[in-house]
Amino acid sequence: MTMKRSHGAFVRIGALLLVLFALSGAPAHAGSWVNGHYANAWGSRGFQLWVPTGYQPGEELPLVVALHGCFQNPDQFAGLTRLNQKADTERFLVLYPNQATLSNGTQCWNFMIATNMERGMGEPSIIVGMVGWVKSHYAVDEHRVYVGGVSSGAVMSSILLACYSDVFAAGMVGAGAMYKAATTASGSAYAMLFGSIYNPDDRGHDAWACSGKPRWRVPVLVLHGTEDDVVNPLNGEQVVRQFLQTNDYGDDGADNDSVPYRPTQVRNGGVPGGRGYTVKDYAYGGRLLVQKYEMQGMGHAWPGGDPAYLFSDPSGPDATTLMWDFFKQHTR
């Protein structure tokens, strides 16, 4: 009899707890993947969206567009960067567009094709269309949409920041190149090995012109290893100069050195037992517009990445944390 009464008591207590739990609101959302496709006149691509732990429908969250490099897919890039874990902690959505192997056998983004360098065309338009899809299905803070990538994904990030400054509040270019660094496949190979043959100041104007009006400033974080033998480190410096020039035009519509090519602060740091690095800040009007991290001795890699994945350099500073810390300083 005693056991029966105890069981009945447990049942009643359990029922009461369920009622109280229901009255307290919906349970916290566990982090999860959403898979989909987006298509427009320029083609179709798949994507994966990470919805962070604790997401509540209707709550506006930032959105980070994460662009993988060659020989990668969204799962691998998410694993390498640990970006989903950062999204769970900091509460933002992560969109991972996936380059189709039918479009590029090595899964590189086709940044060297002319139609992919203009607003409203090619692969950039597909990626921006995916951003629109996310906005139509989830609550996204319109003022906090960001884009970052590595290698070919970094070059595509340069294009998106140049041509869609009205969409992205800030971006990150990791081991990549500037806007229109190359306009042909052979030119792309040359730029990767030796740096672009084009003047970053000219490309800065082209980037400013691509976004149309209204015009926005474009804050950019640049990460590059000093021993990158896949994408010559000169490309990283060209990214800095190109976006400083873009912001010079974005300031007042004129090339008048209102945003000069001079760092406002230079400092050195290092990971205990790991790589040293140099940080150059370019801040104007009280705002950090461009920041560059030069990782000493690092090759073509994502610094601080999970060593279980290709293109990781675990001895470097955590690029994912650097990227998010830069992003959250900026709203459009």
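As shown above, the structure is provided for reference.
To start, this report covers the structure provided alongside it. Please read all numbers here as calculations on a predicted model, not as lab measurements. For every chain, the first residue of the written sequence is number 1, and numbering continues from 1 onward in sequence order. Whole-chain, interface and lining totals are the exception, using all residues; otherwise, since this is a predicted model, local features are given only for residues with pLDDT of at least 70 and side-chain atom pairs are given and counted only at 80 or more. Computation of side-chain values: all heavy atoms of the structure, hydrogens and water removed.

Details of the nonpolar core
Stated precisely, the cut-off is as follows: Residues grouped as a nonpolar core are buried Ala, Val, Leu, Ile, Met, Phe, Trp, Tyr and Cys residues, joined through side-chain atoms within 4.5 Å. Under the scheme applied here, a residue whose accessible area is under 20% of the maximum for its type counts as buried, over 50% as exposed, and between as partly exposed, the area being computed with a 1.4 Å probe on protein chains only. Should any heavy atoms of two residues lie within 4.5 Å, those residues are counted as being in contact.
Residues L49, L63, L93, L95, L160 and F168 are the most contacted members of the largest nonpolar core, which totals 60 residues. Not counting chain neighbours up to four residues away, the residues in contact with L49 comprise S32, W33, V34, L63, L93, V94, L95, W133, V134 and Y138. Y96, A169, L223 and M298 belong to the second-largest nonpolar core, a separate cluster that totals 33 residues.

Focus on the packing of aromatic side chains
Put simply, the rule reads: Aromatic rings from Phe, Tyr and Trp, with only the six-membered ring used for Trp, were paired whenever their centres fell within 6.5 Å, and each pair was classed as stacked if the ring planes differed by under 30 degrees, edge-to-face if by over 60, and tilted otherwise. Helix numbers and strand numbers start at the N terminus; a helix is a DSSP run of H or I with at least 4 residues, a strand a run of E with at least 2. Counted as over-ring charges are cases with an Arg CZ or a Lys NZ within 6 Å of the ring centre that also lie within 35 degrees of the ring normal.
As enumerated under the stated definition, the model contains eleven aromatic pairs in all. Ring centres of F77 and W302 lie 5.5 Å apart, and the angle between their planes is 85°; this geometry places the pair in the edge-to-face category. Placement of F77 in helix α2 (residues 74-81) and of W302 in strand β11 (residues 302-303) is noted, with a sequence separation of 225 residues between them. On the accessibility criterion, F77 (2% relative accessible area) is buried. Pairwise contacts between aromatic rings join F92, Y146, W324 and F327 into one cluster. When the ring centre of Y198 is taken as reference, the NZ or CZ atom of R203 above it lies at 4.0 Å.

Thoughts on the pattern of salt bridges
Where charged atoms from two side chains of opposite charge approach closely, those side chains can pair. Just so we agree on the cut-off: Between Lys or Arg on one side and Asp or Glu on the other, a salt bridge is scored when a side-chain nitrogen of the former is within 4 Å of a carboxyl oxygen of the latter.
Enumeration over the complete set of coordinates arrives at 15 salt bridges. Where K292 meets E237, a salt bridge forms, and the shortest distance between an N and an O atom there is 2.7 Å. Of this pair, K292 sits in strand β10 (residues 287-295) while E237 sits in helix α8 (residues 234-252), placing them 55 residues apart in sequence. One exposure class covers both K292 and E237, and it is buried.

A few points about the state of the cysteines
Note on terminology: a disulfide is the covalent bond linking the sulfur atoms of two cysteines. Just so we agree on the cut-off: In this description, a disulfide is simply a cysteine sulfur pair whose atoms lie within 2.5 Å.
This structure, assessed with the given rule, holds two disulfides. A sulfur-sulfur separation of 2.0 Å characterises the disulfide bridge that pairs C163 with C210. Looking along the S-S bond of the C163-C210 disulfide, the torsion reads about 100°, which is the right-handed sense. Taken together, the residues C163 in helix α5 (residues 152-163) and C210 in helix α7 (residues 200-210) connect sequence positions 47 residues apart. If the cysteines joined by disulfides in the chain are listed in sequence order, their pairing comes out as 1-2, 3-4.

Here we look at a nonpolar patch on the surface
Rules: Patch rule: a residue counts if its relative accessible area is over 30% and it has no salt bridge; like charges are joined within 9 Å, and nonpolar side chains (Val, Leu, Ile, Met, Phe, Trp, Tyr) within 5 Å. Accessible areas in this description were obtained via Shrake-Rupley with a 1.4 Å probe; residue shielding takes into account the shown protein chains only.
Among the surface-exposed residues, Y190, L193, F194 and I197 lie close enough to one another that they form a single nonpolar patch of about 450 Å² accessible area. Secondary-structure assignment places F194 in helix α6 (residues 185-194). The class for F194 is partly exposed, based on a relative accessible area of 48%.

What to know about the packing of α7 against α8
So the rule is basically this: Only the stretch in contact is used when a helix axis is fitted, and all axes are lines through C-alpha atoms; the angle between N-to-C directions ranges over 0 to 180 degrees. Note on terminology: angles under 35 degrees are roughly parallel, angles over 145 are roughly antiparallel, angles of 65 to 115 are roughly perpendicular, and the others are oblique. Handedness of each helix crossing follows the sense of rotation of the near helix against the far helix: counterclockwise by less than a right angle gives left-handed, clockwise gives right-handed. Any residue outside Ala, Val, Leu, Ile, Met, Phe, Trp, Tyr, Cys, Pro, Asp, Glu, Lys and Arg is labelled polar, Gly included; the first ten of those are nonpolar and the last four are charged.
Two numbers describe how α7 lies on α8: the axes approach to 7 Å, and their chain directions differ by 50°. Taken as axis vectors, α7 and α8 run oblique relative to one another. Crossing hand, α7 versus α8: right-handed. Residue-level inspection shows P200, D201, R203, G204, H205, A207 and W208 of α7 in contact with α8, the latter providing Q238, R241, Q242, Q245, T246, Y249 and G250. Among the residues making up the contact of α7 with α8, the classes are represented as four nonpolar, seven polar and three charged.

Focus on the sheet that holds strand β1 (residues 32-40)
Paired through their backbone hydrogen bonds, the strands of a sheet run either parallel or antiparallel. The criterion, for reference: A pair of strands is treated as paired once DSSP finds two or more bridges between them.
In spatial order, the strands read β1-β2-β4-β3-β5-β6-β7-β10-β9-β8; together these ten strands make up an open sheet with mixed pairing. A strand with exactly one partner marks an edge of an open sheet, and here the two such strands are β1 and β8 (265-270). The average angle at which neighbouring strand axes cross in this sheet is 20°, direction not considered. Pairing between strand β9 (residues 276-284) and β10: eight bridges, direction antiparallel. Along β10, the bridge assignment pairs Y282 with V290. Taken strand by strand, α8 contacts β6 (170-174), β7 (220-225), β9 and β10, and its axis lies near 175° from that of β10.

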